[in-house]
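# Observations on the model geometry
The lines below spell out each chain.
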Amino acid sequence: MTNPAETVNEDMARAKLALAAAAYAFGAPLDAVAEERRGGRRDLTRVRQVAMYLAHVGFGMNLARVAMAFGRDRSTAAYACHRIEDARDDPALDAQLDALEDCLRAAPAP
């Protein structure tokens with residue numbers, strides 16, 4: 001049986017990896033994206049939403065685990081995932097997200 005503390009640590013590691021990948025892919029400073037709080041810059045918020053989406057889709061984390069790993073509530077994680085899923089109508093963004101998802105799926109387990 002998996003230790004809950006280990007699961008939380010793994011989720012946090014996955015969230016950090018997803019955040020780093022999103023920040024890199026969108027040219028955003030990682031420290032600014034990681035520290036940004038409510039009411040922050042729209043471009044940094046979008047990168048954080050992409051990271052939550054990647055954690056959910058790329059790592060298969062449920063929304064409650066994504067929320068916990070990012071220090072948000074479940075409704076915020078769900079909103080982020082819906083926003084990014086809706087934005088996938090843009091072919092360029094869709095291709096970029098596909099590549100990021102593949103990259104994260106190929107990452108070794110923490």
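This section reports on the structure supplied with the text.

Scoring rules and cut-offs
- Residues numbered from 1 in each chain as written.
- Predicted model: local features only at pLDDT ≥ 70, side-chain atom pairs only at ≥ 80, totals over all residues.
- Heavy atoms only, no water.
- Disulfide = S-S within 2.5 Å.
- Buried < 20%, exposed > 50% of the residue type's maximum accessible area, 1.4 Å probe, protein only.
- Core = buried A, V, L, I, M, F, W, Y, C linked by side-chain atoms within 4.5 Å.
- Helix = DSSP H or I, 4+ residues; strand = E, 2+ residues; numbered from the N terminus.
- Contact = heavy atoms within 4.5 Å.
- Axes fitted to C-alpha atoms, helices over the stretch in contact; angles between N-to-C directions.
- Parallel < 35°, antiparallel > 145°, perpendicular 65-115°, else oblique.
- Left-handed = near helix turned anticlockwise from the far one by under 90°.

Applying the stated rule across the entire model yields 0 disulfides. Cys-81 takes part in no disulfide bond, and the closest cysteine sulfur to it belongs to Cys-103, at a distance of 18 Å. The exposure class assigned to Cys-81 is buried, which follows from its relative accessible area of 9%. With relative accessibility at 47%, the residue Cys-103 sits in the partly exposed group.

So, on to the nonpolar core. In this structure, Leu-54, Val-66, Phe-70 and Leu-97 are the most contacted members of the largest nonpolar core, which totals 32 residues. Those elements giving two or more residues to this core turn out to be helix H1 (4-25), helix H3 (42-58), helix H4 (63-70), helix H5 (74-87) and helix H6 (91-106). In contact with Phe-70, not counting residues within four places along its chain, are Ala-15, Leu-19, Ala-51, Met-52 and Ala-55.

For the pair H3 and H6, the least separation of the axes is 10 Å and the interaxial angle reads 50 degrees. One way to sum up the angle between H3 and H6 is to call them oblique. Classified by chirality, the crossing of H6 by H3 is right-handed. On the side of H3, the interface is formed by Arg-46, Val-50, Tyr-53, Leu-54, Val-57 and Gly-58, while H6 contributes Leu-93, Leu-97, Leu-100, Glu-101, Leu-104 and Arg-105.

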